[in-house]
Amino acid sequence: MLAIENLQVNYGSIVALRGVDISVATGEIVAVIGPNGAGKSSLLMTIAGVVKPKAGDVKFDGRSILGEAPEKLAASGLALVPEGRHIFGSLSVAENIALGATPRNDRAGIAADTEKVLDMFPVLRDRFRQRAGNLSGGEQQMLAIARALLSRPKLLLLDEPSLGLAPLIVKQVYDAIYALRQQGLTVLVVEQSVNRALNAADRAYVMSGGAIAMVGRSSELQGTAAFDAAYFGSSQRSRA
Amino acid sequence: MIVIQNLIDAISLGSVYALAALGIGLIFSIMRLINFAHGELIMVGGFVIYAMAGNPMIVMALTAIIVVTILALGMERIAFRPLRKASPPTLLIASFAVSYLVQHSILMTFGSRPMGVDFLSGLGESIEFAGLRVPLLQCIAIVVTVALMVGLVVFFRASRIGVQMRAAAEDFTMARLLGVKADRVIAVAFALSGILASFVSLYLVAQTGTVSYKMGVNMVLIAFVASVIGGMGSLTGAALGGFLVGIVSVSLQAYLPEELRPYRDAFVFLLFIAFLLWRPQGLLVRRASERV
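Residues numbered from 1 in each chain as written. Chains lettered and ligands numbered in written order. Predicted model: local features only at pLDDT ≥ 70, side-chain atom pairs only at ≥ 80, totals over all residues.

**Regarding the overall build of chain A**
- The helix and strand inventory of chain A stands at 10 helices and 10 strands.
- At 18 Å, chain A has a C-alpha radius of gyration in line with the 18 Å of a compact globule built from 240 residues.
- Projecting the C-alpha coordinates of chain A onto the three principal axes gives extents of approximately 50 × 40 × 35 Å.
- Buried positions account for 45% of the 240 residues belonging to chain A.
- Of all intrachain contacts in chain A linking residues separated by at least 6 positions in sequence, the fraction that spans at least 24 positions is 68%. (Helix = DSSP H or I, 4+ residues; strand = E, 2+ residues; numbered from the N terminus. Rg over C-alpha atoms; globule rule 2.2 N^0.38 Å. Buried ≥ 20, exposed ≤ 12 C-beta atoms within 10 Å, placed from the backbone. Contact = placed C-beta atoms within 7 Å.)

Below, the structure written as C-alpha cells:
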C-alpha cells in the first residue's frame, strides 16, 4: 500500500528526516511513535504532498507519488488528518464533512457515507448545522476524522489524534479507528502517546531525531528495554 | 428630507465602493494577494464600453463584463500563478507591475486625455418619490449591488465550489489536502473579481460619461481602504467597509464647511488613519485570529 524509501527532508538548514524507510501493507494499522521533534509530522506532510523531500521515494499503491499535488493525492485515495485537526472553524459541521467528499461526484454514495460517519460519531449529528469552530477539541477531532473518511480513502494518515484530548475522548477516537480497520481501511498513525499507539497498531516504528530507531510488532516492542532506550534516548525514565 | 436624500446618496456611493472592495477582498482572502491591478480591471471595463460605443447598451455592458472577466483570468494565469508560493509583499509588488503595464498599454493606445462616452446617460434623470429627488442611476446602483451580493452569498453557501472557496480562504493547505483544486478556486476567485470590477466600470462610465486611463486608481485606493476597515480577509467586512466609506464621504461632502469640501478625500483618509490607530485589524476580524 505504502512504501517509503530513504526519505530525506530539509527545512533550509534544518534536517527533519534523514533517510526514513517505512512500509505499510494493505489492511494494517501502523504506528510511528517518537518524541516531539522526531520528524513524525514532517513524514506525514511529505507523504501527503505538502512538503517536498530532498531525496528518497514514496510509493503509494505501487507507483511513485513524489511531487504530486495534495489535491491529486486526495483524489487517489490518500487522506491526512493533520496535527491540530485543521477543521474549518467558520464553516458548519455539515460543510466540513461535505468538503471531505470533494474528489467524489456520487451524490447517493456521499449521502450514505455521511450517514455512516454520523452514526460513528453521533455528537456530530447533534451539531450538524453549527459552526465547527464552536465544537470542543474532542468533537473537532471526530469531525476531522469523519471529514477524512468522506473521501473513501484507501490509506488514512492520522497525526496525533489523541493530542490534548481527555482519556474518554481518546478511547472513543481509537474505537473508531479499530472499527475502520475492521472495514479494511489501512491506517498510518503518528503518536506521542506510546501505550495508546502500541495497543492500536499491528506494527510500530520508533522515530528519533529524524530517523527510524526501531521497528517491530507492537506486542514485541511493548515494555522492552530496547524500546525505552530508543524512545527516550539513553536516560531511563518510566513511560508516560 | 435633506437627511434622507443624503442617506440615499451615501448608500449608492457606498454600494459601488462595496463592489470594488469585495473584488479586492475576494482575492486577498483566497491567496493573500492585495491586487492593486483591480483598478485596471475597472479601467479596462470603461475602455471596452468606449470602444463598443454605438452598439446597444446591453451589448456594451455584456462585452465589458466578459472582457474584464477574461482579463482578470489572464492576470492570474500569466502574472500571479507563477508567483503563488511567493510572499505577500512579492505578490503586492507584482500587482503594481501588472497595474502599470495595463495602465500604460491603455495610455499608449488611447492617449492620456479623458474621453466622453454616451452610456446609459438617461439614468442621470431623477425620479420623484415622496418629495425626494433620486437620480435613477443611484437607485439602480443600489439594486444591482444588493442583487450581486445576494448572488455571492448564495454562491458561497450553496454551491460546492463556493464552499470550497470559503474553506480555501480559511486554510488553503487543508483544503488542498481534502482534494480542493488550488488552480480552480483561485481562477474562480479572479473571475468573480473581474465580474465585480466590470459592474464598477458600468457605474463609473454611466455616472461620469468619461473614461481615462487613470479612472481605476482612485477607486482601487478607496476599495483598499474599505477592505482594510472591514478587516482584510472578511468579505462581509469588505462590503461593510465600502458602505462606511461611502457614508463618510457623502457626509463630509454634505456637512463640511463649504471652503473645505474640495479637500473631502483628505478628511476621508484622515479618518481612516484615526480608525487604524483604534482598530488596526479592521472591524470584523478578531485580533490574533489564530485557529486552534
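**Describing the overall build of chain B**
- When helices and strands are counted, chain B shows 11 helices and 4 strands.
- Relative to a compact globule of 292 residues, whose C-alpha radius of gyration would be 19 Å, chain B shows 19 Å and is just as compact.
- Relative to its full complement of 292 residues, chain B shows a buried share of 47%.
- When contacts within chain B are restricted to residue pairs at least 6 apart in sequence, those whose partners lie at least 24 apart make up 75%.

**Re the pairing of strand 8 (residues 186-191) of chain A**
All names here are of chain A.
- Within strand 8, 6 of the 6 residues are buried, which leaves the element mostly enclosed by the surrounding structure.
- Where burial is concerned, the two faces of strand 8 agree: the one with Thr186, Leu188 and Val190 and the one with Val187, Val189 and Glu191 are both buried.
- Here strand 3 (residues 29-33) pairs with strand 8 via 5 bridges, running parallel. Its bridge partner lying in strand 8, isoleucine 29 is registered against valine 187. (Pairing = 2+ DSSP bridges.)

**Looking at the confidence of the model for chain B**
All names here are of chain B.
- The pLDDT averaged across chain B works out to 91; a share of 98% of its residues lies at or above 70.
- When pLDDT is averaged over each element of chain B, helix 2 (residues 38-51) comes out on top at 97 and strand 2 (residues 126-129) at the bottom at 78.
- Contacts for the low-pLDDT stretch residues 288-292, under 50 throughout, to residues beyond four places or in other chains number 1 contact.
- Per the prediction output, this complex has pTM 0.90; the corresponding ipTM is 0.90. (pLDDT = per-residue confidence, 0-100.)

**With respect to the environment of Arg176(B)**
- Residue position: Arg176(B) is located in helix 7 (residues 172-177).
- On the basis of neighbour count, Arg176(B) is assigned to the buried category, with 24 C-beta atoms found within 10 Å.
- Taking the C-alpha atoms as reference points, Arg176(B) and Met215(B), separated by 39 residues in sequence, lie 38 Å from one another.
- Arg176(B) has contacts with Ala69(A), Pro70(A), Glu71(A) and Ala182(B), leaving out every residue within four places of it along the chain.

**Things to note about the interface of chain B and chain A**
- If you look at the interface, chain B gives 16 residues, while chain A gives 22 residues.
- Among the secondary structure elements, those contributing two or more residues to the side of chain B that touches chain A are helix 6 (160-170) and helix 7 of chain B.
- Among the elements that take part in the side of chain B that touches chain A, helix 6 of chain B stands out by supplying 5 residues, more than any other.
- Here the residues of the side of chain B that touches chain A sort into 7 nonpolar, 3 polar and 6 charged. (Nonpolar A, V, L, I, M, F, W, Y, C, P; charged D, E, K, R; others polar.)

**Concerning the pairing of strand 3 (residues 132-135) of chain B**
- Across 4 bridges, the pairing between strand 2 of chain B and strand 3 of chain B is antiparallel. What sits directly across from Ser126(B), in strand 3 of chain B, is Pro135(B).

**What to know about the nonpolar core**
- In terms of nonpolar packing, the biggest core is built from 168 residues, with Leu157(A), Ala20(B) and Val200(B) touching the most fellow members.
- Examining the composition of this core, we find that 16 residues originate from one element, helix 8 (residues 182-208) of chain B, more than from any other.
- Other than its neighbours up to four places away in sequence, Ala20(B) contacts Ile42(B), Val200(B), Met219(B), Val220(B), Ile222(B), Ala223(B) and Gly242(B). (Core = buried A, V, L, I, M, F, W, Y, C linked by C-beta atoms within 7 Å.)

**Regarding the sheet that holds strand 2 (residues 14-24) of chain A**
Residues and elements named next belong to chain A.
- Sheet architecture is open: 4 strands sit in the order 2-1-4-5, paired in antiparallel fashion. On the outer flanks of this sheet lie strand 2 and strand 5 (63-64), each paired with one strand and no other.
- Pairing geometry for strand 1 (residues 2-11) and strand 2, over 8 bridges, is antiparallel. Each residue of the ladder has a partner; that of isoleucine 4, found in strand 2, is isoleucine 22.
- Strands strand 1, strand 2 and strand 4 (55-60) of the sheet are contacted by helix 1 (residues 40-47), whose axis makes an angle of about 65 degrees with strand 2. (Axes fitted to C-alpha atoms, helices over the stretch in contact; angles between N-to-C directions.)

**Structural notes on the packing of helix 3 (residues 57-80) of chain B against helix 8 of chain B**
Residue and element names in this part refer to chain B.
- For the pair helix 3 and helix 8, the least separation of the axes is 8 Å and the interaxial angle reads 140 degrees. By the angle class used here, helix 3 and helix 8 are oblique. Crossing of helix 3 over helix 8 shows right-handed handedness. Contact with helix 3, carried on its side by Ala61, Ala64, Ile65, Val68, Thr69, Leu71, Ala72, Leu73, Met75 and Glu76, involves Ile186, Ala187, Phe190, Ala191, Ser193, Gly194, Ile195, Ala197, Ser198, Ser201 and Leu202 of helix 8 and no other residues of that element. (Parallel < 35°, antiparallel > 145°, perpendicular 65-115°, else oblique. Left-handed = near helix turned anticlockwise from the far one by under 90°.)

**Remarks on the sheet that holds strand 3 of chain A**
All names here are of chain A.
- An order of 6-7-8-3-9-10 is seen for the 6 strands of this open sheet, with the pairing classed as mixed. The two strands at the open ends of the sheet, each matched to only one other strand, are strand 6 (78-81) and strand 10 (211-217). On average, each strand axis in the sheet is tilted by 15 degrees relative to the strand beside it, whichever way the strands run.
- By the bridge criterion, 4 bridges tie strand 3 to strand 9 (residues 203-208) in an arrangement that is parallel. In the sheet register, isoleucine 33 faces strand 9, and the bridge partner there is valine 206.
- Sitting on the sheet, helix 1 is in contact with strand 3, strand 6, strand 7 (155-159), strand 8 and strand 9, with an inclination near 150 degrees to strand 7.

**Let's talk about unusual backbone geometry**
Residues and elements named next belong to chain A.
- Backbone geometry at aspartate 61 places phi at a positive 60 degrees, although glycine is not the residue there.
- Structurally, aspartate 61 can be placed in the loop between strand 4 and strand 5.
- In this structure aspartate 61 comes out as partly exposed when scored by C-beta crowding, with 14 C-beta atoms within 10 Å.
- At arginine 85, a residue that is not glycine, the phi angle is positive and equals roughly 70 degrees.
- Residue position: arginine 85 is located in the loop between strand 6 and helix 3 (93-100).

**Points about helix 1 (residues 2-31) of chain B**
- Between its first and last C-alpha atoms helix 1 of chain B spans 43 Å; for 30 residues at 1.5 Å apiece the expected length is 44 Å, and the two agree.
- Arg32(B), located one to two residues past helix 1 of chain B, shows a positive phi value of around 55 degrees. (Expected span 1.5 Å × (residues − 1).)

**Thoughts on the environment of Ile145(A)**
Residues and elements named next belong to chain A.
- Position of isoleucine 145 relative to the elements: it lies in helix 6 (residues 137-149).
- With 24 C-beta atoms packed within 10 Å, isoleucine 145 lands in the buried category.
- Residues isoleucine 145 and leucine 198 lie 53 residues apart in sequence; the distance between their C-alpha atoms is 20 Å.

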